[in-house]
Amino acid sequence: MQEMKQGAGFEIVKRKDFSDVTYLLEVRHPLMAKAAKPGQFVIVMLHEHGERIPLTIADFDRGRGTITLVIQAVGKTTKEMQQACQVGARLYGLVGPMGIPSHIGKAKKVICVGGGLGVAPIFPQARAYKESGAYVIGVVGFRTRDLVFWEDKFRACCDEFIVCTDDGSVGIKGLVTEGIKQAIATHSDIDEVVAIGPPVMMKGCAEATRAARIKTMVSLNPVMVDGTGMCGGCRVKVGDKVMFACVDGPDFDGHQVDFDDLMARLRRFVPAEKAALERWQESCRMRSRIDAVETGATDDARSAGAGAQSTRTN
Amino acid sequence: MAKKKTIRTIPQERTPVQEQDPRERAKNFTEVSLGYQRDDALREADRCLMCPDEPCVRGCPVGIDIPGFIKKISEKNFQGAYDTITDTNLLPAICGRVCPQETQCEGVCTVGDVLAPVAIGRLERWVGDLAIKEGWANIPYIERNGYKVGIVGSGPAGMACAADMAKAGCDVTVYEAFHQAGGVLKYGIPDFRLPNEVIDAEIGKLARLGIKFECNTLVGRLFTIEQMLTEMGYDAVFVGTGAGYPSFMGIPGESLNGVLSANELLTRCNLMRAKEFPDYDTPLQPGRRVAVIGAGNTAMDAMRVSLRLGAEKVYCIYRRTKKEAPARAEEIHHAEEEGIEFNWLTSPVEILDDGKKNVRGMRCIRMELGEPDDSGRRRPVPVAGSEFEFEADVVVFAIGTNANPILGQTCKLKLDKRGYIQADENLATSISGVFAGGDIVTGAATVIEAMGAGRKAAAGMKAYLGLRDTDVVYLPERAGGTGKLFGIDLSERGYARVRIA
Ligand SMILES: Cc1cc2nc3c(=O)[nH]c(=O)nc-3n(C[C@H](O)[C@H](O)[C@H](O)COP(=O)(O)OP(=O)(O)OC[C@H]3O[C@@H](n4cnc5c(N)ncnc54)[C@H](O)[C@@H]3O)c2cc1C
Ligand code: FES
């Protein structure tokens, strides 16, 4: 099987680090760039021994033939990717665009909310709403000023743009729900809220709009394997129905989603993942020590990344 | 020819096959059945009576010339035996392992009327394995005809159709959503039943027919079937995307951590190799006491995989009896040998919570057989007051699948009311030039039926493209009769092909 196309991989053409945990990868895939629509996601496999992880498409450039992923290094795979995914490197697997594209309806005034790893994926939605002629209010949340990114991109497609930070170092001090409340207070005619971010945040957003009965769409990102509806690992409770987020979603009505169920299910593999991360970090330390001894190398990250490659081949 | 064999002169006992000891194998993923040796194969081949009416050929969904290949084994022309099988079935090492022979070829074997039937499956596997070892491939001379054929899904249906179209001279590309080809063979059926090397070897032969495999390609979303026919220039498309979309029962407790579908368990373990975690990154929640609901092949695989992953106790929960269990007889037998605890006539009521969103146990109810239902099988009905609870930390659902919704969401193919693709008797769909077969048309079935469907669709596709059906060349004895002229099917004449825009 190795001689077949699979070995080729998908080239990383650009990388940008927004902070020590958040990084952007632009990957060449002209067909996907052509097909991608806001709200869709991909499944990535870093290497042959890797796991399949879902990542929302944060942007796509049809001209350049690339898609953009913004990733937070939180677990073993995303941390390993942070080391290994330099410009010129290749992802072993990349499939998509998956999921039903977000429905960019006839809403005239929308709030697009992004927090944490949801800031990047909310961007194509905001842009799509702008292109459809809507009045777009962007609300994004970060921990602190230094972590803010893409402000220019958002400002270019939002009629109003509200930044919220935990420490108040820029914009409103508080969670994105504060931003939503502020927007709702100044605009009585909001048709729709779209929120992407960690489940607690999306839950908060749905609560913030429930009383005013503003339609609120959220993008769910449960644990996935195939992303094609074949395993049911991504099932979520929406109203009284069970849905598979990868093919029935990932967008659902936030007022119907059972977020507590989602959060509990996200903890499914926590012990195993913790163990894998610790083991991997230990092996990185070992390797960088060995490399340092053997070659006198100083660039920790690079040598550990290369080391990870070579252990994989056997 | 040697003197005529009779039921009295052939070896009376079916040649046994070596198997790993049940206690030993329940802890490893190496193959359970070690397969025949050369002498075993020769002895078993000798048991075939070469009876003239060949019921086995009719019993085989793809009509392998079974007496023909067995005869070649007896004559020690092993490569000839391989060529005979691969004229109709390109994956003998796979089918020999996973076909339900007891309800197909072996089920109607003449020897089986009196003695145990000829072990056709084991012979087929032996020939297939020998071919892999020796590097044989049945690659005919292929004359290119300039047609482009696209295949969606690389399971047995897709592979069979791809092979036939490639042999007919078409330029064939197979698109697969996963990062590896093989469909259920790869992600579902575990190594101890069908090692991945066998699948890869058989797929490698397809590549030698000139078939291109494009993995990581989700058709419908990356491009649509309609785009394949227009922008991408495919003259015909075959859809073999399998059933997918596992069912759950809708009982309380199904979203607890520890409840999963057999497809998820098997995909994590087989394709993603969670069994080798942490060398491979995909995790799997280990179960100490595992309850598997269902009694088909998928359920058997889930149970036996759980055992090998280290479960102390594995239960099978099935609401009917062993007689109705849809799994291959051999798999149930193997599962019993390995110590799976079968609870026939038992139905789940509730999955119990430990208070932290994990599975603590299950509540079930006993069933009894009542009046026959529409399928003629006696319907299981609950026995009042027979509910009971037991301890479990993982619950696996293996109660079947529904149609995968992706193609329905993304193209205009007509679906039936359950969401499967509608196809006529030639497996043509509602879009001209698009054919479909396998589990996505019939619902979950078998490997060989999916392959049969792939071949049938290929025949339909050839007629549609105006190509001669290569079967006529391979099986000249069957090409005679009234419907053919110079070996060309009369219905093939005078095609006016209209290319869609
Ligand atoms: C665990 C298990 C054990 C089994 N055991 C046996 C057995 O012992 N004997 C037996 O005869 N049968 C068995 N079966 C049944 C048998 O495997 C299936 O009937 C058969 O594989 C169906 O073949 P198929 O080609 O229709 O689909 P599949 O094998 O399901 O292949 C479909 C392929 O298409 C891909 N795909 C789906 N959608 C898309 C898309 N939109 N774009 C691109 N690719 C796509 C999928 O990823 C998959 O690889 C078993 C099934 C399971 C699940
Ligand atoms: S990820 Fe497997 S069904 Fe959604």
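Conventions and cut-offs
- Residues numbered from 1 in each chain as written.
- Chains lettered and ligands numbered in written order.
- Predicted model: local features only at pLDDT ≥ 70, side-chain atom pairs only at ≥ 80, totals over all residues.
- Heavy atoms only, no water.
- Helix = DSSP H or I, 4+ residues; strand = E, 2+ residues; numbered from the N terminus.
- Buried < 20%, exposed > 50% of the residue type's maximum accessible area, 1.4 Å probe, protein only.
- Contact = heavy atoms within 4.5 Å.
- Areas by Shrake-Rupley, 256 points an atom, 1.4 Å probe, with all protein chains shown as cover.
- Domains from an automatic or database assignment.
- Buried area = accessible area lost by both parts, 1.4 Å probe.
- Salt bridge = Lys/Arg side-chain N within 4 Å of Asp/Glu carboxyl O.
- Polar contact = N/O pair within 3.5 Å; in protein donor to acceptor, adjacent residues only side chain to side chain.
- Nonpolar A, V, L, I, M, F, W, Y, C, P; charged D, E, K, R; others polar.
- Axes fitted to C-alpha atoms, helices over the stretch in contact; angles between N-to-C directions.
- Parallel < 35°, antiparallel > 145°, perpendicular 65-115°, else oblique.
- Core = buried A, V, L, I, M, F, W, Y, C linked by side-chain atoms within 4.5 Å.

**Here we look at the overall build of chain A**
Reasoning step 1: The helix and strand inventory of chain A stands at 10 helices and 17 strands.
Reasoning step 2: Counting only residues that meet the buried cut, chain A has 58% of its 314 residues in that class.
Reasoning step 3: Here the contacts in chain A between residues at least 6 apart in sequence split such that 66% fall between residues at least 24 apart.
Reasoning step 4: With an accessible surface of roughly 13,200 Å², chain A has 52% of that area assigned to carbon and sulfur atoms.

**Concerning the domain arrangement of chain B**
All names here are of chain B.
Reasoning step 1: Assigned domains within chain B: domain 1 (18-134), domain 2 (148-244 + 403-465) and domain 3 (262-400).
Reasoning step 2: For domain 1 and domain 3, the distance between their C-alpha centres works out to 30 Å.
Reasoning step 3: Counting residues at the interface gives 14 residues for domain 1, matched by 13 residues for domain 3.
Reasoning step 4: Contact with domain 3 buries area across many residues of domain 1, yet R25, A26 and F29 alone supply 46% of it, more than any other trio.
Reasoning step 5: For the pair domain 1 and domain 3, the interface holds 2 salt bridges.
Reasoning step 6: Across the salt bridge formed by E337 and R25, the nearest N and O atoms sit 2.7 Å from each other.
Reasoning step 7: Summed over the shared surface of domain 1 and domain 3, the result is 10 residue pairs in polar contact (both at pLDDT 80 or more).
Reasoning step 8: For the side of domain 1 that touches domain 3, the class distribution of residues is 7 nonpolar, 2 polar and 5 charged.

**Digging into the packing of helix α6 (residues 199-210) of chain A against helix α8 (residues 259-266) of chain A**
All names here are of chain A.
Reasoning step 1: At their nearest, the axes of α6 and α8 sit 10 Å apart, and the two run at 180° to each other. Comparing their axes, α8 and α6 come out roughly antiparallel. Of α8, the residues touching α6 (which contributes P199, V200, M202, K203 and A206) are F259, D260, L262, M263 and L266.
Reasoning step 2: Residues of the contact of α6 with α8, tallied by class, amount to 8 nonpolar, no polar and 2 charged.

**Topic: the nonpolar core**
Reasoning step 1: Residues I66, F69, I73, M165, V172 and I211 of chain B are the most contacted members of the largest nonpolar core, which totals 83 residues.
Reasoning step 2: Of the residues forming this core, the biggest block, 9 residues, is contributed by helix α17 (residues 447-465) of chain B.
Reasoning step 3: Each of two domains, domain 1 (18-134) and domain 2 (148-244 + 403-465) of chain B, supplies a minimum of three residues to this core.
Reasoning step 4: Residues within four places of I66 of chain B in sequence aside, it is in contact with C56, V57, C60, C105 and I120 of chain B.
Reasoning step 5: In terms of nonpolar packing, the next biggest core, distinct from the first, is built from 57 residues, M202, V218 and L220 of chain A together with V359 of chain B among them.

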